[in-house]
Amino acid sequence: QPHVHYENSQLHVEGCSLDALSITHGTPLFVYSKASMLDALAAYQRGFAGRNARICYAMKANSSLAILQLFAKAGCGFDIVSEGELARVLAAGADASKVIFSGVGKTRAEMACALEAGIGCFNVESEAEIDVLNEVALGMGKQAPISIRVNPNVDPKTHPYISTGLKGNKFGIAHERTLMTYQRAAALPGLKVVGIDCHIGSQITEETPYLDAMDRMLDLVESIEAAGIPIHHIDFGGGLGINYNGDTPPAADALWHKLLGKLDARGFGQRQLMIEPGRSLVGNAGVCVTEVLYMKPGEQKNFCIVDAAMNDLPRPAMYQAFHSIVPVKQAASQSSGAEVFDVVGPVCESGDWIGHDRTLQVQSGDKLAVLSAGAYCMSMSSNYNSRPKAAEVLVDGAHSHLIRQRDSFADQIRGEKLL
Ligand code: LLP
């Protein structure tokens with residue numbers, strides 16, 4: 001993981017020791033590298049050099065305000081999926097005109113709020129949504145800028161829960177119905193067609209699904225424009241994977257070199273492009289530091305019980321996802337005393353595990369770092385078992401900033417009332 005390394009046997013994120021940070025802020029603690037996020041963004045920016053392209057960070061991956069602020073300052077737009085995400089983007093000081101609004105279930109209230117804020121584009125996902133958005137916009141005396149999200153029916157070859165561009169998924173409008181849907185939308189006075197959109201899945205580690213989806217999208221753009229409806233921008237969604245466990249996704253700039261080659265060959269090279277990357281910008285910029293509470297040897301399994309759990313790191317429980325787990329302080333001798341453990345949390349469910357069959361040399365009181373924890377960890381965390389949400393620190397060289405304090409008990413019961 002870039003910007004995460006041992007120095008004098010102590011694990012560091014950039015110039016900050018994780019042991020020191022966790023003594024100051026407690027555990028479980030998320031620690032992010034600012035340089036790593038900006039490097040990941042730079043790979044896309046290099047890929048798009050000289051092009052008319054906008055990178056809209058899919059903030060569901062990690063929606064903490066300071067991280068949004070970082071990407072806003074670096075010139076990004078944002079892909080949002082709720083009114084809450086819009087409120088966060090605005091609270092982080094970002095420009096509403098660079099916001100695109102995805103999702104199959106936008107409410108009327110959310111549409112009105114986004115129109116009021118003046119967002120750049122609604123990515124609409126159904127014919128029913130088109131009618132409602134038209135009505136809401138007309139009621140406000142406005143025109144809603146829209147793209148239609150197309151379901152290109154390509155297999156992203158990823159976990160079934162996170163593939164989105166197949167016929168059986170709830171997302172987007174079927175390829176065959178796209179042209180007629182554009183014709184309907186273009187005739188509605190409350191809507192203004194500005195683009196076309198697709199997003200085929202997440203943690204994609206091959207380039208073929210992207211190249212296939214691109215061909216299908218460009219076929220559609222040709223037929224929609226032939227019907228007299230101009231498409232100003234083409235949005236290819238997000239989904240590029242990261243290395244969790246020896247995965248070898250293409251680099252963002254290399255992937256886009258190929259995709260742009262295809263766009264150029266088909267005469268779309270100067271079209272405005274948009275993308276919606278989430279995980280690939282933040283996933284490998286974060287770690288979660290956790291303290292070992294108890295060692296529990298067993299007949300069939302040895303358990304290493306830590307103070308982080310499925311409420312902090314839901315990906316293993318939800319997707320059987322793999323995250324590397326490494327010691328915060330390297331052991332003096334590498335091999336002696338190492339044993340195989342299931343690393344589990346304190347939550348009262350067997351599904352509460354963070355890693356299965358991990359070889360570790362640990363004892364209670366030691367600290368471990370769960371790697372690649374920058375995306376879809378904090379943003380999917382919960383208060384299950386009335387556990388507080390963890391704290392978050394952003395590291396910038398030798399400096400660290402507490403960007404979210406740990407939940408207090410008062411935070412947890414705010415808004416609740418006794419009978
Ligand atoms: N655009 C749309 C419309 C999306 O639905 C998503 C992710 C993205 C962009 C960003 O995709 P990314 O670049 O991050 O792959 N919780 C799951 C991942 C769910 C992804 C949902 N949609 C996980 O932890 O693996």
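From a predicted model like this one, the values you see are computed outputs, not experimental measurements.

The positions that UniProt labels "binding site: pyridoxal 5'-phosphate" (unreviewed entry) are, in the present scheme, G239, E276, P277, G278, R279 and Y376. On the secondary structure map, E276 appears in the loop between β13 (272-275) and α10 (279-282). The class of E276 is buried, set by 26 C-beta atoms lying within 10 Å. Ignoring anything within four residues of it in the chain, the contact list for E276 reads C56, A58, D79, H199, D235, G237 and G238. Examined against the element boundaries, P277 turns out to sit in the loop between β13 and α10. A tally of 24 C-beta atoms within 10 Å means that P277 is categorised as buried. For P277, the contacting residues outside a window of four places in its chain are Y44, I55, Y57, A58, G238 and L240.

Let's shift gears to the packing of helix α8 (residues 208-226) against helix α9 (residues 252-265). At a closest axis distance of 10 Å, the pairing of α8 and α9 adopts a crossing angle of 25°. Classified by the angle their axes make, α8 and α9 are roughly parallel. For the crossing formed where α8 meets α9, the hand is right-handed. In this structure, α8 uses Y210, L211 and M214 to contact α9, whose residues at the interface are L255, K258, L259 and K262. Across the contact of α8 with α9, the residue classes break down as five nonpolar, no polar and two charged.

With that settled, the discussion passes to the environment of A410. For A410, the location among the structural elements is in helix α12 (residues 409-413). A tally of 7 C-beta atoms within 10 Å means that A410 is categorised as exposed. Placed 96 residues apart in sequence, A410 and P314 show a C-alpha to C-alpha distance of 24 Å.

Attention now goes to the pairing of strand β17 (residues 339-344). The sheet contact formed by strand β15 (residues 303-306) and β17 spans three bridges and is parallel. Paired with C304 across the strands is V343, a residue of β17. Sheet topology note: the β17/strand β18 (residues 353-360) ladder contains five bridges and is antiparallel. If you follow V340 over to β18, its bridge partner there is T359.

Our next topic: the UniProt feature "modified residue: N6-(pyridoxal phosphate)lysine" (unreviewed entry) in the protein. Under the present numbering, the feature "modified residue: N6-(pyridoxal phosphate)lysine" (unreviewed entry) in UniProt falls on K60. Summarising the element assignment, K60 is placed in the loop between β5 (53-58) and α3 (65-73). With 21 C-beta atoms counted inside 10 Å, the residue K60 sits in the buried group. What K60 contacts, discounting residues up to four positions off in sequence, is V81, G278 and S379.

Next up on the list: the site of the ligand. Close to the ligand lie 21 residues, the nearest being A58, S202, G238, G278 and Y376. Put simply, the parts of the chain that give the shell around the ligand at least two residues each are α10 and α11 (315-319). Residue classes in the shell around the ligand are distributed as eight nonpolar, nine polar and four charged. Shared between two domains, the shell around the ligand holds at least three residues of each, these being domain 1 (4-32 + 283-413) and domain 2 (103-275).

Assigned domains of the protein: these are domain 1 (4-32 + 283-413) and domain 2 (103-275). Every contact between the two is made by seven residues of domain 1 and, on the other side, six residues of domain 2. The residue inventory of the side of domain 1 that touches domain 2, partitioned by class, reads two nonpolar, five polar and no charged.

Another point: helix α1 (residues 18-25). Burial in α1 covers these residues: L18, L21, S22 and H25. The buried residues of α1 occupy one face: seen down the axis, they fall within an arc of 95°. The outward face of α1, more than 90 degrees from its buried face, is lined by the exposed residues A20, I23 and T24. Immediately beyond the C-terminal end of α1, within one or two residues, lies G26, with a positive phi of roughly 85°.

Another point: the nonpolar core. Where a protein is soluble and globular, its nonpolar side chains tend to be buried together. If you look at the biggest cluster of nonpolar residues, it comprises 110 residues, and the most contacted ones within it are V31, L133, V287 and V370. At seven residues, α8 tops the list of elements feeding residues into this core. In terms of domain composition, this core takes at least three residues from each of domain 1 (4-32 + 283-413) and domain 2 (103-275). Residue contacts for V31: discarding those within four places in its chain leaves V13, L18, L21, G286, V287, V289, V393 and V395.

For α9, which comprises 14 residues, the first-to-last C-alpha distance of 20 Å matches the rise-based estimate of 20 Å (1.5 Å per residue) to within 8%. Among the residues making up α9, those that are buried are A252, L255, W256 and L263. Projection of α9 onto a plane perpendicular to its axis shows the buried side chains occupying an angular sector of 90°, all on one side. In α9, the exposed positions angled more than 90 degrees off the buried face are occupied by G261, D264 and A265. Where α9 is buried, its residues touch α2 (34-47), α8 and α10. Of the residues flanking the end of α9, it is G267, one or two places downstream, whose phi is positive at about 85°.

On average, the protein scores 96 in pLDDT, and the residues at 70 or more come to 97%. Per-element confidence in the protein ranges from a low mean pLDDT of 91 for strand β10 (residues 173-174) to a high of 99 for strand β4 (residues 29-33). Taken together, the chains of this predicted complex give a pTM of 0.97 and an interface ipTM of 0.99.

About the cut-offs
- Within every chain, residues take consecutive numbers counted from 1 along the sequence as written.
- Residues qualify for local features only when their pLDDT is at least 70, as the model is predicted, and side-chain atom pairs are given and counted only at 80 or more; totals for whole chains, interfaces and linings, by contrast, use all residues.
- UniProt positions are given in the numbering used here, feature names are shortened, and annotations may be inferred rather than shown by experiment.
- The helix and strand labels rest on DSSP assignments: H or I over at least four residues marks a helix, E over at least two residues marks a strand, and numbering proceeds from the N terminus.
- Think of it as a crowd count around each C-beta: if 20 or more other C-beta atoms lie within 10 Å the residue is buried, if 12 or fewer it is exposed, and in between it is partly exposed, with C-beta placed from the backbone throughout.
- We call two residues in contact whenever the C-beta atoms placed from their backbones are within 7 Å.
- Axes here refer to lines fitted to C-alpha atoms; in helices the fit is confined to the stretch in contact. Angles between the N-to-C directions go from 0 to 180 degrees.
- By the definition adopted for this analysis, an angle is roughly parallel if under 35 degrees, roughly antiparallel if over 145, roughly perpendicular if from 65 to 115, and oblique otherwise.
- The sense of a crossing depends on the near helix, which, turned anticlockwise from the far helix by less than a right angle, makes the crossing left-handed and, turned clockwise, makes it right-handed.
- Under the grouping applied here, Gly and all other residues not named as nonpolar or charged are polar, the nonpolar ones being Ala, Val, Leu, Ile, Met, Phe, Trp, Tyr, Cys and Pro and the charged ones Asp, Glu, Lys and Arg.
- When DSSP finds at least two bridges between two strands, those strands are taken to pair.
- Each residue gets a C-beta atom placed from its backbone. Should that atom fall within 6 Å of a molecule or strand, the residue is termed near it.
- The start and end points of each domain follow an automatic or database-based domain assignment.
- Arc definition: directions from the helix axis to the C-beta atoms.
- For this entry, the nonpolar core is defined as buried Ala, Val, Leu, Ile, Met, Phe, Trp, Tyr and Cys residues connected by C-beta atoms within 7 Å.
- Under the convention used throughout, the expected extent of a helix is 1.5 Å for every residue step, that is, one less than its residue count.
- Values of pLDDT, the confidence the predictor places in each residue, fall between 0 and 100.

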